[in-house]
Amino acid sequence: NLIEEWKNDLVLAEALYRKSIENAEKNNDQQSISYSLEFIGIIKSKLGQNDSAIYYMNQSLQIRKELNLQYPLALSYMNIAEVMDRNGNYLGANRNYNKALEISSAIQAHEFTNFLYGNLSKLHKKRGNLDSAITYLELQQALQDSLFNLQKTKEFAEIKGKYEDALKEEKI
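Below you will find a few notes about this structure. Quick caveat, the model's predicted, so the values are computed rather than measured.

Some words on the packing of helix H2 (residues 30-46) against helix H3 (residues 50-67)
Interhelical geometry of H2 versus H3 gives an angle of 160° and a closest axis separation of 7 Å. The orientation of H2 with respect to H3, classified from their angle, is roughly antiparallel. Considering only the axes of H2 and H3, their crossing is left-handed. Counting all contacts with H2, which are made through Gln 30, Gln 31, Ile 33, Ser 34, Tyr 35, Leu 37, Glu 38, Ile 40, Gly 41, Ile 42, Lys 44 and Ser 45, the residues of H3 involved are Asn 50, Ser 52, Ala 53, Tyr 56, Met 57, Gln 59, Ser 60, Ile 63, Arg 64 and Leu 67. A class-by-class count of the residues in the contact of H2 with H3 yields ten nonpolar, nine polar and three charged.

Next comes the structure, spelled out in structure tokens:
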């Protein structure tokens, strides 16, 4: 019964996204249309309708290419890769993960890049490419360490600044 309720919620969500597309078309809001199409694709994927999912995600991807929306474009490639990965289309998944990785690296979306390294590592492990799986895992770990170090450096600078401000206040 819970599964039927969950499916009904997804069907309702899809209807709302379709209505959102109608409204966005009236305003020629291509970016909103791309997001609604992407979310419909995600819903289709959750319902196990993977061919439809890829269809809607590709429509979103084309709009994002035309608008040159880099981060959303990378998300589209990643979402398509995840559906292909679940379908066993590992070559297609690899191609789309790498397109997402190329963009995320170029725009310095480090956390997203880190996530993609993890997905690529898992994908290569499934394909039996253990050397590649290890390489992506090492890249993920190195980036994770760098992100951690940057965060700690930032926190230290904030604490140091507060300490120096407190010393100045004390002198006054």
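As for the environment of Lys 99
Note on placement: Lys 99 falls in helix H5 (residues 90-106). Residues Lys 99 and Leu 73 lie 26 residues apart in sequence; the distance between their C-alpha atoms is 9.3 Å.

Digging into the nonpolar core
Grouped together as the largest cluster of nonpolar side chains are 26 residues, with contacts concentrated most on Tyr 97 and Leu 116. Within the residue set of this core, elements represented by two or more residues are H3, helix H4 (70-87), H5, helix H6 (110-127) and helix H7 (130-171). The dominant element in this core, judged by the number of residues it contributes, is H4, at eight residues. In contact with Leu 116, not counting residues within four places along its chain, are Met 78, Tyr 97, Ala 100, Leu 101 and Ser 104. Counting residues in hydrophobic clusters, the runner-up holds seven residues, among them Ile 21, Ile 33, Ile 40 and Ile 63.

So, the side chain of Ser 121
Structurally, Ser 121 is set in helix H6. A distance of 2.8 Å separates the side chain of Ser 121 from the backbone oxygen of Ala 133, its partner in a polar contact. Contact partners of Ser 121, with chain neighbours within four places excluded, come to Ala 133, Tyr 136 and Leu 137.

Description of the packing of aromatic side chains
Counting across every chain of the model gives four aromatic pairs. The interplanar angle of 85° and the centroid separation of 5.2 Å between the aromatic rings of Tyr 55 and Tyr 56 together place this pair among those described as edge-to-face. Given a relative accessible area of 14%, Tyr 56 falls into the buried group. Across the ring face of Tyr 35, the terminal group of Arg 64 is positioned such that the distance to the ring centre comes to 4.6 Å.

Observations concerning H7
With 42 residues, H7 extends 61 Å between its outermost C-alpha atoms, agreeing within 8% with the 62 Å of an ideal straight helix rising 1.5 Å per residue. Every buried residue of H7 is listed here: Ala 133, Tyr 136, Gln 140, Leu 143 and Leu 147. Its buried side turned inward, H7 meets H5 and H6.

As for the side chain of Ser 76
Within the secondary structure, Ser 76 is located in helix H4. If we ignore the near neighbours within four places in the chain, the residues touching Ser 76 are Glu 38, Met 57, Ser 60, Leu 61 and Arg 64.

Notes on unusual backbone geometry
Even without glycine at this site, Asn 28 takes up a positive phi of about 50°. As for its placement among the helices and strands, Asn 28 is situated in the loop between helix H1 (2-26) and H2. Owing to a relative accessible area of 57%, Asn 28 belongs among the exposed residues under this scheme. Of note, the phi angle at Asn 68 is positive, near 55°, even though the residue is not glycine. Relative to the helices and strands, Asn 68 resides in the loop between H3 and H4. The class for Asn 68 is exposed, based on a relative accessible area of 53%.

What counts, and at which threshold
- Residues numbered from 1 in each chain as written.
- Predicted model: local features only at pLDDT ≥ 70, side-chain atom pairs only at ≥ 80, totals over all residues.
- Heavy atoms only, no water.
- Axes fitted to C-alpha atoms, helices over the stretch in contact; angles between N-to-C directions.
- Helix = DSSP H or I, 4+ residues; strand = E, 2+ residues; numbered from the N terminus.
- Parallel < 35°, antiparallel > 145°, perpendicular 65-115°, else oblique.
- Left-handed = near helix turned anticlockwise from the far one by under 90°.
- Contact = heavy atoms within 4.5 Å.
- Nonpolar A, V, L, I, M, F, W, Y, C, P; charged D, E, K, R; others polar.
- Core = buried A, V, L, I, M, F, W, Y, C linked by side-chain atoms within 4.5 Å.
- Buried < 20%, exposed > 50% of the residue type's maximum accessible area, 1.4 Å probe, protein only.
- Polar contact = N/O pair within 3.5 Å; in protein donor to acceptor, adjacent residues only side chain to side chain.
- Phe/Tyr/Trp six-rings, centres within 6.5 Å; stacked < 30°, edge-to-face > 60°.
- Lys NZ or Arg CZ within 6 Å of the ring centre and 35° of its normal.
- Expected span 1.5 Å × (residues − 1).

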